[in-house]
Amino acid sequence: DVILLTCAGTGGLEAAVVNVLSPGDPVLAVTMGAFGDRFAKVAEVYGAAVTRLEIEWGDAPQPEAVREAAAAIPDLKAVLLTHNETSTGVTSDIPALAAAIRRVAPDALVLVDAISALGAVPFSMDEWGLDLVVTGSQKAWMSAPGMAFAAVGPRAWAAAETARMPRFYLDLKR
């Protein structure tokens with residue numbers, strides 16, 4: 001399902017976090033620049049137990065490092081990934097990262113910031129096993145700013161049934 005949100009991409013990232021997580025949920029945030037950091041900060045502000053895998057700005061995360069970081073977190077609920085880090089221009093290999101996560105944490109949700117990638121580079125949410133993907137109108141879509149899109153898969157909808165983070169305007173079920 002694709003939900004249209006009248007907010008910037010950051011609002012879409014916030015919607016992703018608050019709709020599928022609860023305070024205290026263990027989350028791995030793979031950060032590789034300003035926007036990966038922002039995704040992690042959103043989860044932290046809402047009380048998720050965020051572990052950061054900080055990648056050197058200008059480098060892409062490697063599947064083995066992500067696999068090891070995910071394996072080290074008991075009861076991992078979600079992994080936050082950035083497809084293309086706008087601040088550095090680096091594109092992550094999302095299918096390889098998602099596969100690495102699934103090997104060690106098959107129940108963890110994979111949430112992807114695709115704000116500056118979706119519409120510009122190949123992307124296949126279902127084939128890659130992604131659960132919730134966010135994009136924004138002002139980047140690769142080259143449309144007016146102020147609209148975010150959240151693609152929500154079945155596992156994310158199931159998680160939304162028990163998620164306890166506060167939400168009102170960004171409640172995807174509304």
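Quantities reported herein were computed from a predicted structural model and do not represent experimental measurements. (Residues numbered from 1 in each chain as written. Predicted model: local features only at pLDDT ≥ 70, side-chain atom pairs only at ≥ 80, totals over all residues. Heavy atoms only, no water.)

**Q** Outline the overall build of the chain, supporting the account with residue identities and numerical values.
**A** Per the secondary structure count, the chain includes six helices and nine strands. Against the 2.2 N^0.38 benchmark of 16 Å for 174 residues, the chain shows a C-alpha radius of gyration of 14 Å, consistent with a compact globule. For the chain, the spread of C-alpha atoms along the three principal axes comes to 40 × 35 × 30 Å. Across the 174 residues of the chain, 52% fall into the buried class. Put simply, 65% of the contacts in the chain that link residues at least 6 apart link residues at least 24 apart. Surface exposure of the chain reaches about 7600 Å², of which carbon and sulfur atoms provide 56%. Across the chain, the mean location of the 13 positive side-chain charges is 6 Å away from that of the 20 negative side-chain charges. (Helix = DSSP H or I, 4+ residues; strand = E, 2+ residues; numbered from the N terminus. Rg over C-alpha atoms; globule rule 2.2 N^0.38 Å. Buried < 20%, exposed > 50% of the residue type's maximum accessible area, 1.4 Å probe, protein only. Contact = heavy atoms within 4.5 Å. Areas by Shrake-Rupley, 256 points an atom, 1.4 Å probe, with all protein chains shown as cover. Lys, Arg positive; Asp, Glu negative; His and termini not counted. Charge placed at Lys NZ, Arg CZ, Asp CG, Glu CD.)

**Q** Requested: an account of the side chain of Asp171, with residues and values cited.
**A** Examined against the element boundaries, Asp171 turns out to sit in the segment after α6 (154–160). We classify Asp171 as buried; its relative accessible area is 16%. For Asp171, the side chain forms a polar contact with the main-chain nitrogen of Lys173, separated by 3.0 Å. (Polar contact = N/O pair within 3.5 Å; in protein donor to acceptor, adjacent residues only side chain to side chain.)

**Q** Run through the pattern of salt bridges, naming residues and quoting values.
**A** Evaluation of the coordinates by the stated rule reveals seven salt bridges. Note that Arg102 is salt-bridged to Asp131, the shortest N-O span being 2.9 Å. With Arg102 in helix α4 (residues 94–104) and Asp131 in the loop between α5 (125–128) and β8 (132–136), this residue pair connects regions lying 29 residues apart in the sequence. Exposure remark for Arg102: the relative accessible area of 22% places this residue in the partly exposed category. (Salt bridge = Lys/Arg side-chain N within 4 Å of Asp/Glu carboxyl O.)

**Q** Can you tell me about the sheet that holds strand β3 (residues 49–54), naming the residues and giving the values?
**A** With mixed pairing, seven strands are arranged side by side in an open sheet as β1-β9-β8-β7-β4-β2-β3. Since the sheet does not close on itself, it has two edges, and those belong to β1 (2–5) and β3, each with one partner. Direction aside, neighbouring strands of the sheet carry axes that sit 20° apart on average. Bridge count for β1 against strand β9 (residues 148–152) is four bridges, and the pairing is antiparallel. Looking across to β9, one finds that Val2 is bridged to Ala151. Strands in contact with helix α1 (residues 9–20) are β1, β7 (109–113), β8 and β9; relative to β8, the strand with the most contacts, it is inclined by about 165°. Against the sheet, helix α2 (residues 34–45) contacts β2 (26–31), β3, β4 (78–82) and β7, and its axis sits at roughly 165° relative to β3. (Pairing = 2+ DSSP bridges. Axes fitted to C-alpha atoms, helices over the stretch in contact; angles between N-to-C directions.)

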